[in-house]
Amino acid sequence: MKHSISTFRQLYYTCKEQSKQIFEVAIENEVDKGDYSEYNIRLQAKKTLDAMKEAIKEGLSSTELSPSGMSGDDCDRLQKRYSNNRSILGTTAEKIMKYALATSEQNLRMGTIAACPTAGSCGIVPSVLVAYAQDNKIKEDAEINALITAGEVGRIISNKMALAGAVGGCQAECGVASAMAAAALTQMRGGTVKQIINASALALKNVLGLTCDPVCGLVEIPCVKRNPFLAIHAVTASELSMADIMSKIPPDEVVDAMEQTGQLMSPLLKESSKGGLATTKTALALAKNILK
Amino acid sequence: MNQSSIIDIISPIMAGPSSSHTAGAVRLGLLARNIYNAKPDKITFKLYNSYASTGKGHGTDKGLLAGVLGFSVCDKRIKNVFNTAEAKEIEYEFEFLQDFNRHPNAVDFVIEGGLNMFISGNSVGAGEIEITNINNFMVKLNGKYNTLLLVYDDVPGVISTVTGIIQKDKVNIASLHCDRSGKGKDASMCICIDGDLSRDCFKEISDLKNMYIVRYIKKLES
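All values derive from a computational prediction rather than experimental measurement.

## Some thoughts on the overall build of chain B
And step 1. Counting secondary structure elements, chain B contains seven helices and eleven strands.
And step 2. Taken over the C-alpha trace, chain B has a radius of gyration of 17 Å; the compact-globule value for 222 residues is 17 Å, and the two agree within 12%.
And step 3. A principal-axis box enclosing the C-alpha atoms of chain B has dimensions of 50 × 40 × 35 Å.
And step 4. A burial count over chain B gives 54% of its 222 residues as buried.
And step 5. Sequence-distant contacts, at least 24 apart, represent 67% of the contacts inside chain B between residues at least 6 apart.
And step 6. Summed over its atoms, the accessible surface of chain B is roughly 9,700 Å², and 49% of this surface lies on carbon and sulfur atoms.
And step 7. Charge-centre separation for chain B: the mean point of 25 positive side chains lies 2 Å from the mean point of 25 negative side chains.

## Examining the pattern of salt bridges
And step 1. In the structure shown here, the tally under the stated rule is 26 salt bridges over all chains.
And step 2. Linking A:Glu105 and A:Arg109 is a salt bridge whose minimum nitrogen-to-oxygen distance equals 3.7 Å. Each member of the pair A:Glu105 and A:Arg109 is classed as buried.
And step 3. Of the charged contacts, one joins B:Lys218 and B:Asp196 as a salt bridge, the two residues approaching to 2.9 Å between their closest N and O atoms. Of this pair, B:Lys218 sits in the segment after β11 (211–217) while B:Asp196 sits in the loop between β10 (186–193) and α7 (199–206), and the two are 22 residues apart along the sequence.

## Some details on the domain arrangement of chain B
Residue and element names in this part refer to chain B.
And step 1. Partitioning chain B into structural domains gives domain 1 (13–135) and domain 2 (146–217).
And step 2. When each unit is reduced to the centre of its C-alpha atoms, the spacing between domain 1 and domain 2 is 26 Å.
And step 3. With nine residues of domain 1 in contact, the opposing surface of domain 2 contributes four residues.
And step 4. Carbon and sulfur atoms make up 73% of the area that domain 1 and domain 2 hide from each other, which totals about 480 Å².
And step 5. Three residues stand out in domain 1 for area buried against domain 2, namely Asn34, Ile35 and Ile134, and they jointly supply 53% of the buried area on that side.
And step 6. For the pair domain 1 and domain 2, the interface holds zero salt bridges.
And step 7. Between the two partners, domain 1 and domain 2, sit two residue pairs in polar contact (both at pLDDT 80 or more).
And step 8. Broken down by element, the side of domain 1 that touches domain 2 gets its largest block of residues, four residues, from helix α2 (residues 19–36).
And step 9. Across the side of domain 1 that touches domain 2, the residue classes tally to six nonpolar, three polar and no charged.

Conventions we followed
- Residues numbered from 1 in each chain as written.
- Chains lettered and ligands numbered in written order.
- Predicted model: local features only at pLDDT ≥ 70, side-chain atom pairs only at ≥ 80, totals over all residues.
- Heavy atoms only, no water.
- Helix = DSSP H or I, 4+ residues; strand = E, 2+ residues; numbered from the N terminus.
- Rg over C-alpha atoms; globule rule 2.2 N^0.38 Å.
- Buried < 20%, exposed > 50% of the residue type's maximum accessible area, 1.4 Å probe, protein only.
- Contact = heavy atoms within 4.5 Å.
- Areas by Shrake-Rupley, 256 points an atom, 1.4 Å probe, with all protein chains shown as cover.
- Lys, Arg positive; Asp, Glu negative; His and termini not counted.
- Charge placed at Lys NZ, Arg CZ, Asp CG, Glu CD.
- Salt bridge = Lys/Arg side-chain N within 4 Å of Asp/Glu carboxyl O.
- Domains from an automatic or database assignment.
- Buried area = accessible area lost by both parts, 1.4 Å probe.
- Polar contact = N/O pair within 3.5 Å; in protein donor to acceptor, adjacent residues only side chain to side chain.
- Nonpolar A, V, L, I, M, F, W, Y, C, P; charged D, E, K, R; others polar.

The following block contains the structure:
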């Protein structure tokens with residue numbers, strides 16, 4: 001039986017030995033495990049991509065507030081700003097921030113989104129992937145390859161730790177999403193296998209210890225705004241990696257550090273809403289009004 | 001270790017806002033529906049810990065009910081499930097409880113009808129779920145495999161008879177989990193299989209002596 005891939009090191013050497021791209025090796029590895037065919041995997045990626053684009057579209061045109069009333073109109077604010085003032089980062093970055101907010105707000109109003117890897121972090125991968133693909137005329141097949149590349153990065157990290165705020169804090173949700181988005185972007189830009197994996201490692205390293213302290217226990221504050229932040233964070237990781245700025249700590253060791261950090265973090269800061277932002281004076285006042 | 005797949009990472013496509021608290025809830029409801037396998041008269045949902053304290057804001061209550069009614073995780077009706085015609089046909093209530101011996105995202109389904117049934121499960125993160133208890137039998141069901149669930153008299157030879165019948169279908173058993181309430185009393189078996197079980201095979205197992213509950217629970221769509 002072939003050994004299935006469970007580390008970045010194995011992924012890198014398999015790609016190198018077989019002169020293949022990450023998505024090719026990822027698909028073969030998945031097919032070897034026997035649960036899915038290549039067709040199944042590409043079909044799910046296509047469905048996910050379609051759902052991502054639909055969520056962006058719907059999110060851009062809605063100002064409906066969440067059931068709690070705490071959020072839902074920030075994407076509209078950003079669009080208004082950009083209709084008169086350009087971002088210093090350029091139009092693709094504008095799109096990325098708008099799309100991340102659009103998706104994230106669509107999520108909290110119980111709209112349909114793709115959890116990638118989780119619902120709270122659902123704006124990060126699509127915003128980077130779709131905005132870049134639109135502005136650079138990337139074909140759908142290549143978008144799907146990028147999404148599978150992102151999925152492989154998430155899968156490898158999830159072998160070491162559960163992608164859940166309650167287990168690892170937000171580093172395990174938005175942090176991992178950012179690492180996945182960095183991989184997808186670097187793939188679409190024609191980065192090497194090494195640059196793609198390195199981009200993920202750079203993104204992860206910079207979110208270690210990120211807490212999950214949602215106000216009122218809802219996926220709103222700080223989750224919604226964190227999506228555009230960590231989408232741009234993914235772009236930074238890709239930029240650095242494309243310049244061959246390498247993580248001195250190997251990617252698998254970064255994941256180990258993240259797993260350890262998650263364990264060391266107090267449960268009060270892991271999706272229990274018993275610390276951090278969730279217990280500020282203002283948050284407690286909000287909770288009183290909302291969770292009655 | 002049961003590794004996750006790329007498909008787990010880039011899905012589900014779901015109604016927000018929380019994979020564990022909304023999509024996970026729908027999936028738990030769907031499995032409970034398939035396990036019960038009949039139209040219930042009344043369901044009491046007992047939500048524990050985080051499911052209890054943040055469930056309303058995340059639509060966990062809506063998700064659980066939607067799942068029991070057979071809606072998929074991306075069904076647009078979830079948001080307004082309490083107003084759907086389907087929801088008006090059954091009686092239901094929610095209890096919100098704290099119990100630190102239970103998983104942070106735990107739920108019990110107390111189902112009353114032609115058959116009364118008690119089902120417990122947990123939402124373990126990223127929309128992944130597990131059913132851990134059916135009528136006080138420990139089970140292991142996560143919706144990722146087609147699963148045969150049996151409750152029967154604890155007599156010698158049942159496991160080999162059942163696996164022998166499955167073997168005729170040439171399907172591979174991915175995992176087998178057994179439990180019993182006591183020697184010679186009730187026993188349960190949860191068999192996850194690769195592929196699909198034929199109708200004949202299912203009937204042959206259903207017709208075995210001493211079987212109380214026989215369910216073939218299809219895997220959930222991702």
